[in-house]
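# Structural features, examined
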Amino acid sequence: MPDSAKRCADVILRVHRLARTGALIDLGRLEHAKMVAAQARRVDVDGWLWEVIPAARTVYLQAAPEHLDEILARLGDAPVEAVVQQERRLVEIPVRYDGQDLDYVAGQLRMDVGTFVHRHSTTEYEVAFFGFAPGQAFFGELPGDLRLPRRSVPRTRVPSGALAIANEFTIIYPEQSPGGWHLIGHRAGPPLWDPHADPPSRLRIGDRIRFRDVT
Amino acid sequence: MIRVLATGPLTTTQDLGRWGWGHLGVPRSGPADAPSHHLANRLVGNAVDAATMEVLRGGLTVEFLEPALFAIAGAPVGVRLDGVPVAFGASVWAQAGAVLSLAVPRFGLWSYFAVRGGLDVEPQLGSRSVDTLSGIGPPPLAPGRVVPIGGLVAGPPGAADALIGLCDRRDIELRVSPGPRHEWFTRQAQELLVTTAWTLSTDTNRIAARLTGPELALVEPRQLPTEGLQIGSVQVPASGQPIVHLANHPPTGGYPVIAVVDESDLPMLAQSLPGTVVRFARRAPGRA
């Protein structure tokens, strides 16, 4: 059955109720998590949901207990399809490919650095979800032959603006923090997150992303 | 306006926190002990979203630069106005120029200082809460800071609660239901969670309560893709030592959650001193 003929109930693997106000929905694929999160916002016509947090394989919902059941029932009946709420903007992010793990990454992927940089900067990504720190977007998905698991030993200090990859995602660290991802470069333009700005994030879930190599 | 003259280990402004920003990675934040924050506000007739000062282990001294009605709730602490002892857990009138000082609480961690009208610090992303995890919001309060009083008044000052719900306990029990990754853990770990007398570690703050005890093991080693976190989640990182997420928890986490503590039991945990014995009691899944 194609996704377009399915209801969300057909792709939801399991719903975990968390205490009284939370629900964590398990999904098999990032694509389904994005669609289920968008549908959750769509069926929430009364604005009952306090939070809708999509992630790689899950969607977290929070609402008053008397509303959460109703939202979950409506969500199960909603179609599995992208919700076009906004024009999918193309955002270009200038980056320098000069990260300290670049040689290691290219070596592990059995390609030269130039090929890796070319592949990474010519692929189009999408803002899949945010997490870990305010304004930290997860850009998905890396082509299968550019993927590496996280470092076995995280670094205690990764500089603000570092461009990094792990598994199917690319991220840019918004602040200096510990981190276990492979550093391939850094952001060359202005910050993507400013809590004093309105909106605080220059990016939205669903934005199309290209990294422009300005090395 | 109020001038801060001295603070203890940590004094921050807190309101109800940042709701609806979790999808951008922004923690909700808000008071560590929400019922005590609400009580302090009610005692001075404030709206529920008025900001209070959350005071860790007392030590706060402030000068009123204008007359104001105030109240202190939460961790029970000696309160003096110009050196004279005044009531805890009740509304008190202060003249302009009066100096309020809080001693160190007899027990508990967090006391709440509410002023009629609320503290009018600059909101960020719709909230006056200091977010101690990500640094969003105003900075923690420091000596010399002058804080305006706002106009978030709801009605007349409320009556004191007969029971404020905070007792001097060194052994607490928290009700839990199974977490989303309960089945990732061995049977033995699932049993250990609810049979162990856990010890609250010194490394406990507004973000999370860390517990020490036996190691909770997974059936097999596996990495969890990042997922949304519910307040009260009992998360088990690679060390096997559980962490209970409190008011300033991150909105997502990358370690499996074995159980979730009832939200109504979290203020008691947040107020507990390091060394407190913590037990988990299982309840039926899903519902309150």
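Scroll up to find the structure.
One structure accompanies this document, and this report is about it. Because the structure is predicted, anything quoted here is derived from the model rather than measured.

With that settled, consider the overall build of chain A. Helix and strand content of chain A: five helices and 13 strands. What you see for chain A is a C-alpha radius of gyration of 19 Å, in line with the 17 Å of a compact globule of 215 residues. Across the 215 residues that make up chain A, the buried fraction comes to 54%. Of all intrachain contacts in chain A linking residues separated by at least 6 positions in sequence, the fraction that spans at least 24 positions is 64%. Accessible surface for chain A amounts to roughly 9,700 Å². Of this, 49% is attributable to carbon and sulfur atoms.

Let us look at the interface of chain A and chain B. Contacts between the two partners involve 37 residues from chain A, matched on the other side by 35 residues from chain B. Taking both sides of the interface into account, the surface hidden between chain A and chain B amounts to around 2,900 Å²; carbon and sulfur atoms contribute 55%. Connecting chain A to chain B are three salt bridges. Residues Asp-26 of chain A and Arg-181 of chain B are paired through a salt bridge, measuring 2.7 Å at the closest nitrogen-oxygen approach.

Another aspect to go through is unusual backbone geometry. In the segment running from Gly-140 of chain A into Glu-141 of chain A, the intervening peptide bond is cis, with an omega of -15°. Here Asp-198 of chain A and Pro-199 of chain A are connected by a cis peptide whose omega angle stands at 0°. Along the chain, Pro-199 of chain A falls in the loop between β12 (182–187) and β13 (208–213). A positive phi angle, near 50°, is found at Asp-82 of chain B, a position not held by glycine. Within the secondary structure layout, Asp-82 of chain B lies in the loop between β6 (79–81) and β7 (84–86).

Take the pattern of salt bridges next. A side chain with one charge can pair with a side chain of the opposite charge if their charged atoms come near. Residues and elements named next belong to chain A. Following the criterion strictly, the structure yields 28 salt bridges over all chains and no others. Measuring nitrogen to oxygen at the nearest pair gives 2.5 Å for the salt bridge that ties Asp-69 to Arg-17. Taken together, the residues Asp-69 in helix α3 (residues 65–77) and Arg-17 in strand β1 (residues 12–18) connect sequence positions 52 residues apart. On the basis of relative accessibility, which here comes to 16%, the residue Arg-17 falls in the buried class. Note that Arg-74 and Glu-70 form a salt bridge whose closest N and O atoms lie 2.9 Å from each other. Residue Arg-74 and its partner Glu-70 are both found in helix α3; the two are separated by four residues, about one turn of the helix. A relative accessible area of 22% places Arg-74 in the partly exposed class. With a relative accessible area of 36%, Glu-70 lands in the partly exposed category. Overlapping salt bridges bring together Glu-31, Lys-34, Arg-88 and Glu-126 as one network.

About the thresholds
Residues numbered from 1 in each chain as written. Chains lettered and ligands numbered in written order. Predicted model: local features only at pLDDT ≥ 70, side-chain atom pairs only at ≥ 80, totals over all residues. Heavy atoms only, no water. Helix = DSSP H or I, 4+ residues; strand = E, 2+ residues; numbered from the N terminus. Rg over C-alpha atoms; globule rule 2.2 N^0.38 Å. Buried < 20%, exposed > 50% of the residue type's maximum accessible area, 1.4 Å probe, protein only. Contact = heavy atoms within 4.5 Å. Areas by Shrake-Rupley, 256 points an atom, 1.4 Å probe, with all protein chains shown as cover. Buried area = accessible area lost by both parts, 1.4 Å probe. Salt bridge = Lys/Arg side-chain N within 4 Å of Asp/Glu carboxyl O.

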